[in-house]
Amino acid sequence: IAVLARIRILTLQCSKICMLELRSSASSRFLTAEERMMLLPGCSRRALMPSCSHLISASPLSTSSVWGMGRRPAKPGKPPILPPAKKVLYNVVHVPWMKAEDVKELLWRRHVYNNALISLRNVFKQELELKKAAGLGVAALKRQEEEELDQLITENERRNQEAARLRKEREETEVKAAKEEIIKEIEEELVKREQNVQKRTAEVLDMVERSKNFVTAENLDEKLKEALENPVVYDYAIDLQGHKIYSPKPNKYLEGTPTRQRGRQFDVTFGIQKKEPRGQLA
């Protein structure tokens, strides 16, 4: 604990010296070693920490050294800028001499190899000359390859022409089928339109024929008289044969106040008159 307290005191004193150095540097004046020692009463140079030793030196204080941003230490090992050592630079490796028997054997093998290559080269030259004399040389091979290439090109042209002919026939067939299908669709559409025109024409003619009996402002009085003279009663029954049976008979003019119908009075559908109870709906 005492050591830590001592270190803290020294750190505070060093920071004080740094502030004074900065102020003095602003006034173009630096503290001397004696002045720095005077700022540290009761301390000697040995008691100072290594981190504060640069503050006691006579050189001016820099901000980089204050904040611990100095140069990085070099990596361990030999620097790459130094030359190689003399024992490595001047070390001469003496290769031992080969045996005379081995040298003779290698030289003999080299002569044999060279003679074999020369012999093979001569054999190949003779074969080429014989082929050239027999018309099988390089020129003949080149001419043969050119003829083969011409044959292949001719065969390719023939196949292309055949494929073009087949493609043209197929396209003509497809175009013809498409035309027939389009014409068929057009004819069907024309038939549908003709049928629609006939249907609409018949409807229009029917409507014109029915319009003769329409009630208009000109024939309103006439239609009213006709309706009064020919009353229509929808209160009737229908038998199995489809005959309409009115009960009562339709009257031309109503006499008195018509009563509200609550049910049928007679059931003559099957030819039997039967009085139904009152209140039963039709």
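Rules behind the numbers
- Residues numbered from 1 in each chain as written.
- Predicted model: local features only at pLDDT ≥ 70, side-chain atom pairs only at ≥ 80, totals over all residues.
- Heavy atoms only, no water.
- Helix = DSSP H or I, 4+ residues; strand = E, 2+ residues; numbered from the N terminus.
- Buried < 20%, exposed > 50% of the residue type's maximum accessible area, 1.4 Å probe, protein only.
- Contact = heavy atoms within 4.5 Å.
- Areas by Shrake-Rupley, 256 points an atom, 1.4 Å probe, with all protein chains shown as cover.
- pLDDT = per-residue confidence, 0-100.
- Patch = residues over 30% accessible without salt bridge, like charges linked within 9 Å, V, L, I, M, F, W, Y side chains within 5 Å.
- Salt bridge = Lys/Arg side-chain N within 4 Å of Asp/Glu carboxyl O.
- Lys, Arg positive; Asp, Glu negative; His and termini not counted.
- Polar contact = N/O pair within 3.5 Å; in protein donor to acceptor, adjacent residues only side chain to side chain.

Of the regular secondary structure elements, the protein chain holds eight helices and two strands. Listing every helix and strand of the protein chain by position from the N terminus yields α-α-α-α-α-α-α-α-β-β. Looking at the protein chain as a whole, 8% of its 282 residues are labelled buried. The contacts of the protein chain with a sequence gap of at least 6 include a subset with a gap of at least 24, amounting to 29%. Of the roughly 26600 Å² of accessible surface on the protein chain, a fraction of 59% belongs to carbon and sulfur atoms.

In this section: the confidence of the model for the protein chain. For the protein chain, the average pLDDT comes to 76, and 64% of its residues sit at 70 or higher. Across the protein chain, helix α7 (residues 138-210) holds the top mean pLDDT of 94, while helix α3 (residues 53-56) sits lowest at 44. The low-confidence segment residues 41-66 (pLDDT under 50) makes 37 contacts with residues lying over four places distant or belonging to another chain.

Let us look at the environment of Ile245. Mapped onto the elements of the fold, Ile245 is located in strand β2 (residues 244-246). The exposure class assigned to Ile245 is partly exposed, which follows from its relative accessible area of 21%. Separated by 10 residues in the primary sequence, Ile245 and Asp235 place their C-alpha atoms 8.9 Å from one another.

Together, Tyr113, Leu117, Leu120, Val123 and Phe124 make up an exposed nonpolar region whose accessible area comes to about 480 Å². Looking at the secondary structure, you find Tyr113 in helix α6 (residues 100-133). A relative accessible area of 54% places Tyr113 in the exposed class.

Okay, the side chain of Asp239 next. Along the chain, Asp239 turns up in the loop between β1 (236-238) and β2. For Asp239, which is buried and forms no salt bridge, the nearest opposite charge comes from Lys244, at a distance of 11 Å. Reaching out from Asp239, the side chain makes a polar contact with the backbone nitrogen of His243 at a distance of 2.5 Å.

The next point concerns the pattern of salt bridges. Tallied over the full model, the rule gives nine salt bridges. Put simply, Glu203 and Arg200 hold a salt bridge, and the shortest N to O gap is 3.1 Å. A residue pair is termed a helical-turn pair when its members lie 3 or 4 positions apart in one helix, as Glu203 and Arg200 do in helix α7 at three residues. Overall, the relative accessible area of 40% leaves Glu203 in the partly exposed class. Judged by its relative accessible area of 43%, Arg200 falls in the partly exposed class. Here Glu209 ties to Lys212 by a salt bridge, and the two come within 3.4 Å at their closest N and O atoms. Judged by relative accessible area, which is 59%, Lys212 ranks as exposed. Residues joined in a network through salt bridges with shared partners are Glu155, Arg158 and Arg159.

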